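Listed below, chain by chain, are the residues.
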Amino acid sequence: MSGIFGLAINNRINFNNNSVIDLVDSLFLYSETRGKESAGIALHSGNSINVYKEAGSPSKFIKNTIYKKEFKKSIESYKENRKSKDFSFSLIGHSRLVTNGLQYKEVNNQPVVIENLVGIHNGIITNEEELWANNNKLKKEFEVDSEILLKLLDINLENEGSLEKAANNTFNAIEGSASVATYFSKSTYLLLATNTGSIFYINDLQNSFFIFASERFILKKLVQSGKLREFSNSL
């Protein structure tokens, strides 16, 4: 099992770069109990989705200079373009406990990247082999069960044209547990979906921000530590 979390900030809000990074660093640290084998992040600046992931603990990950560089680059790209487009800055993060697929192969770590989607998944798909057999036009490239979930979501979206129907069809097909957060290359939407009820969230009364996590205790720690208040006060 793993830990997933994310953040979206309303596009009318001016925010301090370091405050956002500090908040996300805390989310990584609080989710570390859910998985220490690898960590990763996908940052949506409106124009692009930047992904960075590596084997190792979240506490090690957030000290990496490449992580900080990619984070700041995405924020700056968002701020340069947000005046001309209606979108929000957002990100999704993952801490991984390996259940299948070696973490030393980057493609097995999350976020998982396929042609039209970038996503993170907490849970275990127990009918993975059956799904691949029943959808033999899909090509298996990785060693993680999250791949079939995302590829089914992709093909269902193409067939249905509706994100809601695509998500329903995908979750009806899988067996096991799944909480997912997914970006799409052809839109700025962020999909959150679960069949376990394990997506918890916090937002403020002004809808300035939205924070989610797969575990209630992650958000509880964020509140108790004062990190949420520090972030909110910086907006």
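Quick caveat, the model's predicted, so the values are computed rather than measured. (Residues numbered from 1 in each chain as written. Predicted model: local features only at pLDDT ≥ 70, side-chain atom pairs only at ≥ 80, totals over all residues. Heavy atoms only, no water.)

Student: Would you mind going over the packing of helix α1 (residues 17-30) against helix α3 (residues 65-81) with me for this structure?
Tutor: When two helices pack together, their arrangement is captured by the angle between the axes and the distance separating the axes. The geometry of α1 relative to α3 is characterised by a closest axis approach of 11 Å and an angle of 135 degrees between their N-to-C directions. Considering their axes alone, α1 and α3 lie oblique with respect to each other. Two packed elements cross with a definite hand, and for α1 against α3 that hand is right-handed. Residues Asn-17, Asn-18, Val-20, Ile-21, Val-24, Asp-25 and Phe-28 of α1 form the contact with α3, whose own contacting residues are Tyr-67, Lys-68, Phe-71, Lys-72, Ile-75, Glu-76 and Lys-79. Residues belonging to the contact of α1 with α3 are distributed by class as follows: seven nonpolar, two polar and five charged. (Axes fitted to C-alpha atoms, helices over the stretch in contact; angles between N-to-C directions. Helix = DSSP H or I, 4+ residues; strand = E, 2+ residues; numbered from the N terminus. Parallel < 35°, antiparallel > 145°, perpendicular 65-115°, else oblique. Left-handed = near helix turned anticlockwise from the far one by under 90°. Contact = heavy atoms within 4.5 Å. Nonpolar A, V, L, I, M, F, W, Y, C, P; charged D, E, K, R; others polar.)

Student: Help me understand the packing of aromatic side chains in this model?
Tutor: Aromatic ring pairs are defined here through the distance separating the ring centres and the angle between the ring planes. Throughout the structure, instances matching the rule amount to 12 aromatic pairs. Here Phe-28 and Phe-61 contribute two aromatic rings whose centre-to-centre distance is 5.1 Å and whose plane-to-plane angle is 50 degrees, an arrangement assigned as tilted. Linking Phe-28 in helix α1 with Phe-61 in helix α2 (residues 58-61), this pair joins segments that are 33 residues apart in sequence. Exposure class is identical for Phe-28 and Phe-61. Each is buried. Both rings, one in Tyr-78 and one in Phe-89, keep their centres 5.7 Å apart while their planes meet at 50 degrees; by these two values the pair is tilted. In this pair, Tyr-78 sits in helix α3 while Phe-89 sits in strand β4 (residues 89-96), placing the two residues 11 residues apart along the sequence. Judged by relative accessible area, Phe-89 falls into the buried class, the value being 0%. Here the aromatic cluster, defined as three or more aromatic residues joined through ring pairs, consists of Phe-5, Phe-28, Tyr-52, Phe-61, Tyr-67 and Phe-71. The aromatic ring of Phe-15 is capped on one face by Lys-79, whose charged end is 4.7 Å from the ring centroid. Directly above the aromatic system of Phe-142 lies the positively charged group of Lys-151, at a separation of 5.9 Å from the ring centroid. (Phe/Tyr/Trp six-rings, centres within 6.5 Å; stacked < 30°, edge-to-face > 60°. Buried < 20%, exposed > 50% of the residue type's maximum accessible area, 1.4 Å probe, protein only. Lys NZ or Arg CZ within 6 Å of the ring centre and 35° of its normal.)

Student: Whenever I open this one, the sheet that holds strand β6 (residues 117-125) confuses me. Can you help?
Tutor: Neighbouring strands of a sheet are bound in pairs by backbone hydrogen bonds; such pairs are parallel or else antiparallel. Judged by pairing direction, the sheet is antiparallel, and its four strands sit side by side in the order β5-β6-β7-β8 without closing on themselves. The strands lining the two open edges of the sheet, one partner per strand, are β5 (112-113) and β8 (190-194). Looking at chain direction, β6 and strand β7 (residues 176-184) are connected through nine bridges and run antiparallel. Residue Ile-124 lies in a different strand from β7, and its bridge partner there is Ser-177. This element, helix α5 (residues 146-160), spans β5, β6, β7 and β8 of the sheet and lies at about 125 degrees to β6. On the sheet, helix α6 (residues 163-173) packs against β7 and β8 and is oriented at approximately 35 degrees with respect to β8. (Pairing = 2+ DSSP bridges.)

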